[in-house]
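Observations on the model geometry
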Amino acid sequence: MTDQHWFAAPAGSPPAGAADGPTRITELRGVIDHLDQRIIALLAERTRVVRELTAHKTDEATVRSPDRVRQVLDRVSDLAVGNGMPPEVAVGTYRALIDELTRMQLDMLAARRAAASAGEER
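What comes next concerns the included structure. (Residues numbered from 1 in each chain as written. Predicted model: local features only at pLDDT ≥ 70, side-chain atom pairs only at ≥ 80, totals over all residues. Heavy atoms only, no water.)

Some thoughts on the overall build of the protein
What counts is decided by this rule: Helix and strand assignments follow DSSP, with helices taken as H or I runs no shorter than four residues and strands as E runs no shorter than two, numbered in order from the N terminus. Each residue gets one of three labels from its accessible area relative to the maximum for its type: buried under 20%, exposed over 50%, partly exposed in between, using a 1.4 Å probe on protein chains only. Two residues qualify as a contact provided that any one of their heavy atoms is within 4.5 Å of a heavy atom in the partner residue. Methods summary: accessible areas were calculated by the Shrake-Rupley approach with a probe of 1.4 Å, and residue burial reflects only the protein chains presented.
Helices and strands together make up the secondary structure of the protein, namely four helices and zero strands. Taken from N to C terminus, the helices and strands of the protein fall in the order α-α-α-α. For the protein, buried positions account for 19% of its 122 residues. By sequence separation, contacts in the protein at least 24 residues apart represent 70% of the contacts at least 6 residues apart. When the accessible surface of the protein is totalled, it reaches about 9,100 Å², and 57% of it is carbon and sulfur.

Printed below as a string of structure tokens:
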């Protein structure tokens, strides 16, 4: 199954020759499942990069980086518009992603500090 067929028709209208009703719903849900696999793989890759990046951060301010967050959200908004997606959906999704990855980075930073403190106490 290719992903290309769902790009051909205007939003809200079925592609020419498409099945109607329940059959089409099943087909489109299969496309969504395939896209979800690809999205999760990319998010996992992004998370691996964030973990590596975190190894180079030394404090909470560097982890939180509000200027970088704003830059990413602005870029995501622009990318969404350029791809015909509501920017609010993209920005909301990335806000949630950034919040969770920030929490992960803060936990990593705290664990690294705890390990360093434990090493100093010995």
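Quick notes on the pattern of salt bridges
How we decide: Salt bridges are counted wherever a side-chain nitrogen of Lys or Arg sits within 4 Å of a carboxyl oxygen of Asp or Glu.
Tallied over the full model, the rule gives four salt bridges. A salt bridge links E27 to R24; its shortest N-O distance comes to 2.8 Å. In this pair, E27 and R24 are both assigned in helix α1 (residues 21-54), three residues apart and thus about one turn of the helix distant. Between E100 and R103 there is a salt bridge whose closest N-O contact spans 2.7 Å. Pair noted here: E100 and R103 are both in helix α4 (residues 87-121), with a separation of three residues, about one helical turn. Judged by its relative accessible area of 47%, E100 is partly exposed.

Concerning the packing of helix α3 (residues 66-82) against α4
Here is the rule: Think of each axis as a best-fit line through the C-alpha atoms, taken over the contacting stretch in the case of a helix, with angles from 0 to 180 degrees between the N-to-C directions. Whether a crossing is left-handed or right-handed is set by the direction in which the near helix is turned from the far one by less than a right angle, anticlockwise for left-handed and clockwise for right-handed. Polar here means any residue other than Ala, Val, Leu, Ile, Met, Phe, Trp, Tyr, Cys and Pro, which are nonpolar, and Asp, Glu, Lys and Arg, which are charged; Gly is therefore polar.
Orientation of α3 relative to α4, taken along the N-to-C sense of each, is 145°, at an axis distance of 8 Å. With respect to the hand of their crossing, α3 and α4 are arranged in right-handed fashion. Every residue of α4 that contacts α3 at V69, R70, V72, L73, V76, S77, A80 and V81 is listed here: P87, A90, V91, Y94, R95 and I98. Across the contact of α3 with α4, the residue classes tally to 11 nonpolar, one polar and two charged.

Some remarks on the nonpolar core
Soluble globular proteins tend to bury their nonpolar side chains together. The line we're drawing: As used here, the term nonpolar core means buried Ala, Val, Leu, Ile, Met, Phe, Trp, Tyr and Cys residues forming a set that is joined through side-chain atoms within 4.5 Å.
The biggest cluster of nonpolar side chains holds seven residues, and these are V72, L73, V76, A80, A90, V91 and I98. Elements supplying a minimum of two residues to this core: α3 and α4. It is α3 that contributes the most residues to this core, four residues altogether. Apart from the residues within four sequence positions on either side, A80 is in contact with M85, P86, P87 and A90.

Section: α1
Each α-helix winds once per 3.6 residues, and so residues spaced three or four apart point in a common direction. The criterion, for reference: One less than the residue count of a helix, multiplied by 1.5 Å, gives the span that helix is expected to have.
Here α1 is 34 residues long and its end C-alpha atoms lie 48 Å apart, about the 50 Å a rise of 1.5 Å per residue gives. Every buried residue of α1 is accounted for by R24, V31, T47, V50 and T54. On its buried face, α1 sits against α4.

Some thoughts on the side chain of Q105
Applied cut-off: Here a polar contact is recorded for every N or O atom pair within 3.5 Å, except that within protein the pair must consist of a potential hydrogen donor and a potential acceptor, and residues adjacent in sequence are included only if both atoms are side-chain atoms.
As for its placement among the helices and strands, Q105 is situated in helix α4. For Q105, a relative accessible area of 6% corresponds to the buried category. Side-chain polar atoms of Q105 contact the side chain of T54, separated by 3.1 Å. Among residues more than four places away in sequence, those in contact with Q105 are V50, T54, K57 and V63.

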